[in-house]
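Residue-level structure breakdown
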Amino acid sequence: MTGPAAQAAAVRREFERIHGRAPDGVWAAPGRVNLIGEHTDYNDGFALPMALPQTTVLAAGRREDGLLRLHSAQGDGRITELAVADLAPGPVSGWARYPAGVVWALRERGLPVGGADVHLDSTVPTGAGLSSSAALECAVSVAYDELYALRLTRPELARVAQYAENAFAGVPCGVMDQMASVCCVEGSALHLDSRSLDVRQVPFDLTGHGLRLLVLDTRVAHDLADGAYAALRAGCERAAGLLGLTALRDLSEAELPGALADLPDDLAPLVRHVVTENARVGRAVERLSAGEPESLGPLLTAGHASLRDDYRVSCPETDLAVEAAVAAGALGARMTGGGFGGSVIALVPAAAAASVARAVTDAFAAAGFATPAVLEAVPSAGARRIG
């Protein structure tokens, strides 16, 4: 993979070719993997994501005529031209709704933003549960923050990007993806409190402990806008209401058995997952803080079982990837992201990385599944200007 300077130069050259002028700057925002803490953020809970080396890189130049002109290296070659004053949820479709949504969300906050020329290129796999949409939104939010001298805080930039995805793109996600993309730092995982947006950088030294974190992309594309995600979130909110809670984050593990007895059968498994997952995040932070990243393995595998059996967002491909990885020597593995496909993370001894990847690939071939893609997750930097 090329470094940030080479990426910035390449995107700058393409911007100049497409838009006929030099950009005002080049920004990058990463995808993410979530170590633990899945479907907890929209329940005001806790998560432990880390940023990936894979990024969306965006060159942008301010315009004074109110036009937003968008071009993507992954698009169809055409420029999408939109009037900023006319932006509204609904008419904009495809990838363009994510950057357009951010500009709309900034205006909804009453901020004085106008148009821009934009060219972007991304190495974050789409549909893999690695937050390609959040990377795109956050690249736009940090670029616009500088282009229009908005001086927003990092959590504010994340909230803008989340609002764009919720209200403009129609995906009722929590804020974890966007907070990870803007707040992570190299060499650490991000302990996130989704209610307060307080963050703590937790050192995650894989190399120093002889470990690697593999991302096994099952090639099963997911679409969180298809209604299943919204139904899960609505179920959690209904359960919290029945229990008299502001959010499920307010239910402790000790209180869980009594709460489950008071809930209808369709809601009890959702609540069990959220409460136990929040507890797993706390234990994971304790183990990383104690310098014991290898002990995360059982927490990852337990988290997958909860997502599979209680939350029911796994699929045969992600289940097989977890089973094959653990059988081949992974310390632990689980699906990461919203579910319904996407990727699995596997914490492995460095010496076993190749054999674990091969075992998962062989298991997929034997099952007649598409060949999975294998990436390595390295704790990386959040959104920033790179040129």
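Residues numbered from 1 in each chain as written. Predicted model: local features only at pLDDT ≥ 70, side-chain atom pairs only at ≥ 80, totals over all residues. Heavy atoms only, no water.

Looking up the protein in an unreviewed UniProt entry gives the name Galactokinase, with the organism given as Streptomyces virginiae. Recorded in UniProt under Subcellular location (unreviewed entry), the annotation for the protein is "Cytoplasm". Listed under Sequence similarities (unreviewed entry) in UniProt, the entry text for the protein is "Belongs to the GHMP kinase family. GalK subfamily." (UniProt positions renumbered as here; feature names shortened; annotations may be inferred.)

Tracing the backbone shows Thr207 in the loop between strand S8 (199–203) and strand S9 (211–217). The spatial distance from the C-alpha of Thr207 to the C-alpha of Leu197 is 29 Å, given a sequence separation of ten residues. (Helix = DSSP H or I, 4+ residues; strand = E, 2+ residues; numbered from the N terminus.)

Looking now at the sheet that holds strand S5 (residues 80–83). Read across the sheet, six strands follow the order S5-S4-S6-S3-S1-S13 without closing on themselves; strand pairing throughout is mixed. Single-partner strands in this sheet number two, and they are S5 and strand S13 (384–385). Two elements, strand S1 (residues 25–34) and S13, share two bridges in a ladder whose sense is antiparallel. Considered in S13, the bridge of Trp27 is made with Arg385. Sheet contacts for helix H5 (residues 176–183): S1 and strand S3 (49–63); angle to S1, the most-contacted strand, approximately 130°. (Pairing = 2+ DSSP bridges. Contact = heavy atoms within 4.5 Å. Axes fitted to C-alpha atoms, helices over the stretch in contact; angles between N-to-C directions.)

Tallied over the entire structure, the rule returns zero disulfides. Here Cys183 stays unpaired: no disulfide links it, and the sulfur of Cys184, its closest cysteine neighbor, is 7.5 Å away. Free of any disulfide, Cys236 has its nearest cysteine sulfur in Cys173, 15 Å distant. On the basis of relative accessibility, which here comes to 1%, the residue Cys236 falls in the buried class. (Disulfide = S-S within 2.5 Å. Buried < 20%, exposed > 50% of the residue type's maximum accessible area, 1.4 Å probe, protein only.)

At a minimum axis distance of 11 Å, the contact between helix H9 (residues 297–311) and helix H10 (residues 316–327) shows a crossing angle of 155°. The angle between the axes of H9 and H10 places the two elements in the roughly antiparallel class. Here H9 and H10 pass one another in a crossing that is left-handed. In this structure, H9 contributes Thr301, His304 and Arg308 to the contact, and H10 contributes Thr318, Asp319, Val322 and Val326. Partitioning the contact of H9 with H10 into residue classes produces two nonpolar, three polar and two charged. (Parallel < 35°, antiparallel > 145°, perpendicular 65-115°, else oblique. Left-handed = near helix turned anticlockwise from the far one by under 90°. Nonpolar A, V, L, I, M, F, W, Y, C, P; charged D, E, K, R; others polar.)

This paragraph deals with the nonpolar core. One finds Leu58, Leu68, Val103, Leu106, Val118 and Tyr144 to be the most contacted residues of the largest nonpolar core, which totals 53 residues. A per-element tally of this core places helix H3 (residues 132–147) first, with eight residues. For Leu106, the residues in contact, after removing those within four places along its chain, are Leu111, Val113, Tyr144, Leu150, Leu152 and Val160. By size, the runner-up hydrophobic cluster in this structure holds 42 residues, among which are Leu256, Leu260, Leu307 and Leu320. (Core = buried A, V, L, I, M, F, W, Y, C linked by side-chain atoms within 4.5 Å.)

Inspection of every chain in the model, using the stated rule, returns 21 salt bridges. Salt-bridge contacts for Arg17 lead to Glu14; the nearest nitrogen and oxygen are separated by 2.9 Å. Pair noted here: Arg17 and Glu14 are both in helix H1 (residues 4–19), with a separation of three residues, about one helical turn. Among the salt bridges present, the one from Arg63 reaches Asp117, with a minimum N-O distance of 3.0 Å. Of this pair, Arg63 sits in strand S3 while Asp117 is found in strand S6 (residues 115–122), placing the two residues 54 residues apart along the sequence. One connected set of salt bridges, linked through shared partners, spans Arg21, Arg63, Asp65, Arg69, Glu81 and Asp117. (Salt bridge = Lys/Arg side-chain N within 4 Å of Asp/Glu carboxyl O.)

This part covers the sheet that holds strand S12 (residues 373–377). As summarised here, the arrangement of the four strands in space is S10-S11-S9-S12, forming an open sheet in which the pairing is antiparallel. Of all strands in the sheet, those with a lone pairing partner are strand S10 (332–336) and S12, marking the two edges. Ignoring which end each strand starts from, the neighbouring axes of this sheet average 25° apart. Looking at chain direction, S9 and S12 are connected through five bridges and run antiparallel. Across the sheet, Val215 pairs through a bridge with Leu375, a residue of S12. On top of the sheet, H9 reaches S10 and strand S11 (343–349); it is set at about 40° to S10, its chief contact. Across the sheet, helix H11 (residues 353–367) lies against S9, S11 and S12, angled at about 20° from S9, the strand it touches most.

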